[in-house]
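Analysis of the macromolecular model
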Amino acid sequence: MSTTTLSPAAQGAAEEKKPFLELRIGGVHLTVQHVPYRLLTLIATVSGALGGVTWLR
């Protein structure tokens, strides 16, 4: 049995390939590679606006 030692650069490259989110439920496998900042910003903006309108009613 042989073990391989990765250089620091190779270790960094291997760590970068890990997905941000990996979700497995039954036969469904969802993988998100990068944080979807634009989607998160849109969701936060819409929910904040809806929350503000609901609060003022």
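Rules used in this analysis
- Residues numbered from 1 in each chain as written.
- Predicted model: local features only at pLDDT ≥ 70, side-chain atom pairs only at ≥ 80, totals over all residues.
- Heavy atoms only, no water.
- Helix = DSSP H or I, 4+ residues; strand = E, 2+ residues; numbered from the N terminus.
- Buried < 20%, exposed > 50% of the residue type's maximum accessible area, 1.4 Å probe, protein only.
- Areas by Shrake-Rupley, 256 points an atom, 1.4 Å probe, with all protein chains shown as cover.
- Patch = residues over 30% accessible without salt bridge, like charges linked within 9 Å, V, L, I, M, F, W, Y side chains within 5 Å.
- Salt bridge = Lys/Arg side-chain N within 4 Å of Asp/Glu carboxyl O.

**Let's talk about the overall build of the chain**
Helix and strand counts for the chain come out as two helices and two strands. Helices (α) and strands (β) of the chain occur, in sequence order from the N terminus, as α-β-β-α. The buried share among the 57 residues of the chain stands at 0%. Just so you have it, the chain exposes about 5600 Å², and 65% of that area is on carbon and sulfur atoms.

**Description of a nonpolar patch on the surface**
Residues Phe20, Leu21, Leu23, Ile25, Val28 and Leu30 make up a contiguous nonpolar surface patch of about 570 Å² in total accessible area. For the nonpolar patch, the elements supplying multiple residues, two or more each, are strand 1 (21–25) and strand 2 (28–32). Broken down by element, the nonpolar patch gets its largest block of residues, three residues, from strand 1. Tracing the sequence through the fold places Leu30 in strand 2.

**Digging into the pattern of salt bridges**
When charged atoms on two side chains of opposite charge get close, those side chains can pair. By the definition in use, this model includes one salt bridge. Note that Glu22 and Arg24 form a salt bridge whose closest N and O atoms lie 2.9 Å from each other. By relative accessible area, which is 60% here, Arg24 ends up exposed.

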